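Read off the chains here:
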Amino acid sequence: MPSTQNQGSLCFLSHPLFFSFFLQKTTTCFPFIFHRHHYSADIQMANSASGIAVSDDCKLKFLELKAKRNHRYLVFKIEESVQQVVVEKVGGQAETHEDFANSLPPNECRYAVFDYDWTTNENVQKSRIFFVAWSPETARVRSKMLYASSKDRFRRELDGVQVELQATDPSEMSLDTFIGRVTH
């Protein structure tokens, strides 16, 4: 029968005071193991990648676009003050690809969803939902990093996107680009 006395002898390792003492001694005696600057930078980067929330309105509007087909496109932005993705613009069903392209700011990053409809050579109506990560060259570096690190988390919230597109220039999201992505 194993002794329960030995199991309690290592519980001091999980005590917060011991851990802070250990961390302090380790970084003092062995700075190459835990360099404080790198350790804190790693924690900050991990939080920025996972700290962006998605508003319920984003999910609701996307479901309306996908299921009810009420909207042609949605433009989303990250509200840095509250660390949350919110809906910035909703494009009506009658709006075009040109209206969608013009709704994206030339100097700021955005996420967008576009419901692209077309008719095949066999006269069949088809539709694809595009997710666009808009990151223009002229945007601030901090903004580009924030949008890039949050993209996958946000994209997973939009169940039903069929095509993903990364665009840094208006030519990369032209109508020809959309047509090319659905025909092959």
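Below is a short write-up of the structure. (Residues numbered from 1 in each chain as written. Predicted model: local features only at pLDDT ≥ 70, side-chain atom pairs only at ≥ 80, totals over all residues. Heavy atoms only, no water.)

Observations regarding the environment of K126
As a reminder, the rule being used: For the purposes of this entry, the term helix denotes a DSSP run of H or I that reaches at least four residues, the term strand denotes a run of E that reaches at least two, and both are numbered from the N terminus. The rule is simple: take the accessible area with a 1.4 Å probe, protein chains only, and divide by the maximum for that residue type; under 20% is buried, over 50% is exposed, in between is partly exposed. By definition, residues are in contact when any of their heavy atoms lie within 4.5 Å.
Residue placement: K126 occurs in strand β5 (residues 125–134). Note on K126: relative accessible area 34%, which makes it partly exposed. Once the C-alpha coordinates of K126 and Y116 are considered, the two residues, 10 residues apart in sequence, prove to be 8.4 Å apart. Those residues in contact with K126 that sit more than four places away from it in its chain are Y116, D117, W118 and T120.

Observations regarding the nonpolar core
Most often, soluble globular proteins have nonpolar side chains that are buried together. The cut-off we apply is this: In this description, a nonpolar core means a group of buried Ala, Val, Leu, Ile, Met, Phe, Trp, Tyr and Cys residues linked to one another through side-chain atoms lying within 4.5 Å.
F76, V85, Y111, V113, F131 and F154 are the most contacted members of the largest nonpolar core, which has 22 residues in total. Counting only elements with at least two residues in this core, the list comes to α3 (56–68), β2 (71–79), β3 (84–92), β4 (110–119), β5 and α5 (141–157). Discounting residues that sit within four places of it in the chain, F131 has contacts with Y111, A112, V113, K151, F154, R155, L158, V161, V163, E164 and L165. Core analysis: the second largest hydrophobic core is formed by 17 residues, Y73, A112, F130 and V182 among them.

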